Structures are given as structure tokens and as C-alpha cells.
Amino acid sequence: MIEKAASYLKIHLPEDRMPKIGMILGSGLGILADFIKEPIIIDYKDIPGFPQTTVDGHAGKLVFGNYQGQWVLAMQGRFHYYEGKDIFEVVFPVRVMNLLGIKILIITNAAGGINESFQPGDLMLITDHINMSGVNPLRGKNFDLFGPRFPDMSYAYDIELREIAMREAEKLKIPLKSGVYAMMQGPSFETPAEIRMLRILGADAVGMSTVPEVITAVHGKMRVLGISCITNMAAGILEQPLTHEEVLKTAEHTKVKFMKLIEAVVSAI
Ligand code: HPA
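Residues numbered from 1 in each chain as written. Predicted model: local features only at pLDDT ≥ 70, side-chain atom pairs only at ≥ 80, totals over all residues. Heavy atoms only, no water.

### Concerning the overall build of the protein
At step 1: A tally of regular secondary structure across the protein gives six helices and nine strands.
At step 2: Computed over its C-alpha atoms, the radius of gyration of the protein comes to 18 Å, within 12% of the 18 Å expected for a compact globule of 269 residues.
At step 3: Seen through its principal axes, the protein has C-alpha atoms that stretch 55 × 40 × 40 Å.
At step 4: Split into buried and exposed, the 269 residues of the protein put 52% on the buried side.
At step 5: Considering only contacts in the protein between residues 6 or more positions apart, those separated by 24 or more positions represent 82%.
At step 6: Entry remark: accessible area of the protein is about 12,300 Å², with carbon and sulfur atoms responsible for 54%.
At step 7: Separation of charge centres in the protein, based on 27 positive and 30 negative side chains, amounts to 3 Å. (Helix = DSSP H or I, 4+ residues; strand = E, 2+ residues; numbered from the N terminus. Rg over C-alpha atoms; globule rule 2.2 N^0.38 Å. Buried < 20%, exposed > 50% of the residue type's maximum accessible area, 1.4 Å probe, protein only. Contact = heavy atoms within 4.5 Å. Areas by Shrake-Rupley, 256 points an atom, 1.4 Å probe, with all protein chains shown as cover. Lys, Arg positive; Asp, Glu negative; His and termini not counted. Charge placed at Lys NZ, Arg CZ, Asp CG, Glu CD.)

What follows is the structure, given as C-alpha cells:
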């Protein structure tokens, strides 16, 4: 199915516009895809074998085109494990990107801040992750075509891409924190006790995405850049309940800064 989907896309893309960078955009940042020039837009529903979005009114689309001088492929609408999707569906687009020859994956998300020096609205460069989701997308028969049975995760978040991001953030005077992202399965937010546990384990931020895609990308030898938008302080840190509305509101307020940084990074790659 992955090969079928990739072949379908290759037929619909001019050879001189094959994307070099893939982008999976988290809450609030999907709008970035609207700034892609000379776009070729393909609905998930038209791609053989491609998973479908479950949220009403959010048509899933792949947007191919030029962004900051680079040929890119952005996913508008991503898949979460908590939606009830099979983990192989969650990472299917990453496999397809791999077969299209994409070598760099930029992935963003909304996350709760565990590190108490963070504030809502901060951006955090992901330096490493802790997979607390209980699933691994590489379970089952290994696809030798993509990578080895036991792939190394020591350098999952590419050091050179992290340096570019830090340099560009500094140039733009956008404060960029860095830290470890822990993935919980969701969809319930964590309890305060779980957040204390994650802090002891070394996590700086927590979210419900990204880790499966990153594991899959690294398996396929893609270089990954991950950035979180800290949309809220994690449960139990502030004396207030957590809401999805707060997450969306902070993501919305942060998107201009976030987009500027991604723009600069893509043009510097
Ligand atoms: N927890 C898990 N996922 C999240 C959070 C959180 O606090 N904020 C945004 N995504």
C-alpha cells in the first residue's frame, strides 16, 4: 500500500519538483501550508491506501510546492493514535515521504510544559524523546527496504538541523527553549501525578503525537527536526484545569512567531 500511494503521487508530481523536505504540522500551524507557492494539492481520499482524517470538516490534504526556495511536502491534517487509528496508519505518510525520496522531516506539535522554567507560548526545540505511548510503529515484520530491525535512536533529532534552528532563532530574536518530549497516548490529559513522574524521568514537555512519526523517519534514515509549541503548563503545575481551548488559543497566538522560525529554518537548510 505504501508503494501504491507513493507511485500515485509520483505520477501527479513533475519530476523537477520532487520534495526534499516533509512537514507534519501540529495544532495551529497547519496554516503554514497556505503559504506554499505553486501548490499541487492532493486529497488523502484520492491517494490509494492513504489513511483518512476522522475529524469532520478537516479534509486531509497533501500540499506539494515551493516554500522558501525549497520543494516541500506538507501534510494538512495529521493522524493521532488516540483517534483510534492503527499505529501503522499514523506513520503511513512518513513511509510514503520516505519512498518519495524525502530526506528531511520537520515536525511540530502542541505540548504541555513540564519544565517549570517554560511558559505557555514558548517554543521548544526537541532534543530527544521518551516514548510513553505504549506502542512502537516498527512492531511486526521489519521492512528491510526502509531500515534495520533494531534502528539506533541515539541521534533521532538531527544535530545539524538543531544547530540551524538555534542559529535562525537567535537571528530572529525568537527565544527557543530546548528539551525532551514525552509522548503519552491520550486523549485524556495527564494527571498531576503522571506529570511529576514524567519530570522525574527527564521530560520537559508532554504531548500526544510526534514520537511514532519520528521513530519511523529515523528508521528510514530521514533527518528530523522537531519543535513543540508549549501551549499550556502541564497538569498540576498551575492551579487551574487544562482545556483543549487553552491549547488552541495559545497555538493561535504563537503561530506567527512559529511560522517565522520554520520559514527561516527551511530557507537555511
Ligand atoms: N498534555 C498532553 N498533550 C498536550 C498538552 C498537555 O498538557 N498540551 C498540548 N498537548
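### Describing the nonpolar core
At step 1: Residues Leu 9, Phe 50, Leu 62, Phe 64, Val 96, Met 97 and Val 224 are the most contacted members of the largest nonpolar core, which totals 46 residues.
At step 2: Of the residues forming this core, the biggest block, seven residues, is contributed by helix α2 (residues 87-99).
At step 3: Each residue touching Phe 64, except ones within four places of it in the same chain, is listed here: Leu 9, Leu 13, Pro 19, Ile 36, Glu 38, Pro 39, Ile 40, Ile 42, Val 72, Leu 73 and Leu 100.
At step 4: Grouped together as the second largest cluster of nonpolar side chains are 29 residues, Val 63, Val 72, Leu 161 and Ile 174 included. (Core = buried A, V, L, I, M, F, W, Y, C linked by side-chain atoms within 4.5 Å.)

The values reported here are purely geometric and, on their own, carry no functional implication.
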